[in-house]
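# Report on the structure
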Amino acid sequence: MNPVSDVAARAAEAAAPVAHSIPLYWFLVVAVVLFAIGSAGVLARRNALTVLMSVEIMLNAVNLAFLAFAREWGNMHGHVVTFFVIAVAAAEAAIGLALVLGLFRHKKSVNLDELTALRN
Amino acid sequence: MGFEQILFWLLALGVIVTSALVVLPPGGKNPLYGALLLIVSFFFMSGLYVLLFAHTMAVLQILVYAGAIMVLFTFVIMLLNLSKKELGDETRTIAKGVGVVAVVALAVKTALVIETQTLNIPAKPLPAGFGGVDAIADTLFHNYLVPFELTGVLLLVAVIGAVVLAKRTL
């Protein structure tokens, strides 16, 4: 086969869209629902531990959206960003739980409404 | 409906129900139930990652999230052993209600918009080895080397910060 036409055929094949059995927007809808659950938890709950877990739910929703777009565009950058998000979530959980421990030691409570030391 | 689609709906339903129960009463009242439900939801989520051909990320999700982060959470919750009084009252204010309603409205609107907007995105074919360790390492060490090293520094700072914050006296 002529190498030039081979390259052209391969380029055409690479450009041709493929049909996934699960469309992109199904994953995005799940991600949006999870993000809404997480942000509702952050807004409505006053227990510091539940708020931290709601933040984890939100981070997971964003990861799902990144991976869904990575599959759609056929490149790996979304996976790498997800990797970074997981690393940052680990750091955030460690710091957040240390803060909760310090808060409990001072106030004997983990209720965020009682964190008014900087008010007035 | 194909097998993959049925699997998707089962996993999506599982992850949404367990995540909602983290925030709603069973988990919201007692953080330990919330943490255990969140671990279950991470397993459902890693199933969704597998459906997206993100095998490595599915394994990392269970190893790091369910294995490390949630163990830290359950450890702290059991260490504190909070009573009802220490958990504090969940006040119901108008501002909170408005916030939750706004979040739900925004989510419904976004879901409707993405359903119409993303249908036109042509899906590209997946390269060989998509989602495997090789492909991730290739992208990570060629395109994202500096962010990767900075992540290492971030984790070091987080460890030192956690030790300093949790110490009784400095």
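So, here's what we can say about the structure.

What counts as what
- Residue numbers restart at each chain and count upward from 1, following the sequence in its written direction.
- Chain letters start at A and ligand numbers start at 1, both assigned in the order the entries are written.
- At least 70 in pLDDT is required for a residue's local features to be given in this predicted model, at least 80 for side-chain atom pairs to be given and counted, and no such filter applies to totals for whole chains, interfaces and linings, which use all residues.
- Heavy atoms from the whole structure form the basis of all side-chain values; hydrogens and water molecules are not counted.
- The way it works is that DSSP assigns letters per residue, a run of H or I at least four long becomes a helix, a run of E at least two long becomes a strand, and they are numbered from the N terminus.
- To sort residues, take the accessible area from a 1.4 Å probe on protein chains only and compare it with the maximum for the residue type: under 20% means buried, over 50% means exposed, and anything in between is partly exposed.
- Two residues form a contact once any of their heavy atoms are found within 4.5 Å.
- Simply put, the buried area is the total loss of 1.4 Å probe accessible area from both parts when two parts are fitted together.
- For this document, the term salt bridge refers to a Lys or Arg side-chain nitrogen within 4 Å of an Asp or Glu carboxyl oxygen.
- Here, the term nonpolar core denotes a set of buried Ala, Val, Leu, Ile, Met, Phe, Trp, Tyr and Cys residues that are joined through side-chain atoms within 4.5 Å.

Glancing now at the overall build of chain A. A count of helices and strands for chain A gives 4 helices and 0 strands. For chain A, the N- to C-terminal ordering of α and β elements is α-α-α-α. By residue count, 52% of the 120 residues in chain A fall in the buried class. For chain A, restricting intrachain contacts to residue pairs at least 6 apart in sequence, the fraction spanning at least 24 positions comes to 58%.

Contact residues are listed per partner, giving 77 residues for chain A and 86 residues for chain B. Three residues, Arg-45, Met-53 and Met-76 of chain A, lead the burial of chain A against chain B; their summed loss comes to 9% of the area buried on that side. The interface formed by chain A and chain B holds 0 salt bridges in total. When contributions to the side of chain A that touches chain B are tallied by element, the ones reaching two or more residues are α1 (3–15), α2 (24–44), α3 (48–73) and α4 (77–107) of chain A.

With that settled, consider the pattern of salt bridges. All names here are of chain A. Overall, the coordinates contain 1 salt bridge over all chains when judged by the stated rule. Of the charged contacts, one joins Arg-71 and Glu-72 as a salt bridge, the two residues approaching to 3.4 Å between their closest N and O atoms. Comparing Arg-71 with Glu-72, the two get one shared label, buried.

Before going further, it helps to spend a moment on the nonpolar core. Grouped together as the largest cluster of nonpolar side chains are 68 residues, with contacts concentrated most on Phe-27 and Leu-64 of chain A together with Phe-8, Leu-48, Met-70 and Leu-80 of chain B. Broken down by secondary-structure element, the contributors of at least two residues to this core are α2, α3 and α4 of chain A together with α1 (3–23), α3 (31–51), α4 (55–80), α6 (94–117) and α7 (133–143) of chain B. Apart from residues lying up to four places away in sequence, Phe-27 of chain A is in contact with Ile-22, Leu-64, Ala-68 and Arg-71 of chain A together with Phe-8, Leu-48, Leu-51 and Leu-52 of chain B.

What follows concerns unusual backbone geometry. Residues and elements named next belong to chain B. Positive phi outside glycine occurs at Phe-53, with the angle close to 65°. With respect to the helices, strands and loops of the structure, Phe-53 is situated in the loop between α3 and α4. Take Phe-53: its relative accessible area is 30%, and that puts it in the partly exposed class.

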